[in-house]
Amino acid sequence: MFILHCPHCAEAREEEEFSNAGEAFIVRPATPDSASDAEWGDYVFMRKNSKGWHWEQWLHAAGCRKVVVVKRHTATHEIAGCWTLAEGKRLYLQEEA
Ligand SMILES: [Zn+2]
């Protein structure tokens, strides 16, 4: 179990209040009308599932019901931070650049 800080509620809450919605910031095919079945398959089903730091989306299901972006270490469950979608995306893009 770990503690997540909801940026919308401004409270630190137990993991059980949240529902993991999977990997954050998955890139949709740039040209959806001409994307192949393989490209759609990758977009819908394929995930990194890596060991280490991972950007995830969590839904504060037992709280405000808003989405929270969490950077979590998948092996240690250490939390680097929790942000709104806009804040998290900005930090993610800075990290990826
Ligand atoms: Zn909340």
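Up top is the structure.
Below is a short write-up of the structure. Everything quoted here is computed from the prediction, not taken from an experiment.

With that out of the way, let us pick up the coordination of the zinc ion. Around the zinc ion, the protein supplies Cys-6 (SG), Cys-9 (SG), His-60 (ND1) and Cys-64 (SG) as donor atoms, at distances of 2.1 to 2.3 Å. Between the four donor atoms coordinating the zinc ion, the angles at the centre fall across 104 to 116°, so the site counts as tetrahedral. Here the donor residues for the zinc ion map to a single chain with the spacing C-x2-C-x50-H-x3-C. In this pair, Cys-6 sits in strand β1 (residues 3–6) while Cys-64 sits in the loop between β4 (53–59) and β5 (67–73), placing the two residues 58 residues apart along the sequence. For Cys-6, a relative accessible area of 0% gives the class buried. Its relative accessible area of 27% is what places Cys-64 among the partly exposed residues.

What follows concerns the packing of aromatic side chains. Inspection of the entire model under this criterion finds six aromatic pairs. With 6.2 Å between their ring centres and 55° between their planes, Phe-25 and Trp-55 make a pair best called tilted. With a gap of 30 residues between them, Phe-25 in the loop between β3 (19–23) and α1 (37–45) and Trp-55 in strand β4 connect regions that are remote in the sequence. For the pair Phe-25 and Trp-55, one class covers both residues: buried. Plain terms: the ring middles of Phe-25 and Tyr-92 are 4.8 Å apart, the flat faces sit at 35° to each other, and that makes the pair tilted. Within this pair, whereas Phe-25 is found in the loop between β3 and α1, its partner Tyr-92 is found in helix α2 (residues 85–96), the two being separated by 67 residues in sequence. Judged by relative accessible area, which is 13%, Phe-25 ranks as buried.

Once that is clear, we can look at the environment of Pro-32. Within the fold, Pro-32 resides in the loop between β3 and α1. Sequence separation of Pro-32 and Asn-49 is 17 residues, and the distance between their C-alpha atoms is 25 Å.

On to the nonpolar core. Most often, soluble globular proteins keep nonpolar side chains buried together rather than apart. In terms of nonpolar packing, the biggest core is built from eight residues, these being Phe-2, Leu-4, Cys-6, Phe-18, Trp-58, Val-68, Val-70 and Cys-82. For this core, the secondary structure elements donating two or more residues are β1 and β5. In this structure, Ala-24, Phe-25, Trp-55 and Val-69 belong to the second largest nonpolar core, which totals six residues.

Thresholds, definitions, all that
Residues numbered from 1 in each chain as written. Predicted model: local features only at pLDDT ≥ 70, side-chain atom pairs only at ≥ 80, totals over all residues. Heavy atoms only, no water. Donors = N, O, S within 2.8 Å, 3.2 Å for Na, K, Ca; no water. Tetrahedral: all angles 85-135°; square planar, octahedral: opposite > 155°, others 65-115°. Helix = DSSP H or I, 4+ residues; strand = E, 2+ residues; numbered from the N terminus. Buried < 20%, exposed > 50% of the residue type's maximum accessible area, 1.4 Å probe, protein only. Phe/Tyr/Trp six-rings, centres within 6.5 Å; stacked < 30°, edge-to-face > 60°. Core = buried A, V, L, I, M, F, W, Y, C linked by side-chain atoms within 4.5 Å.

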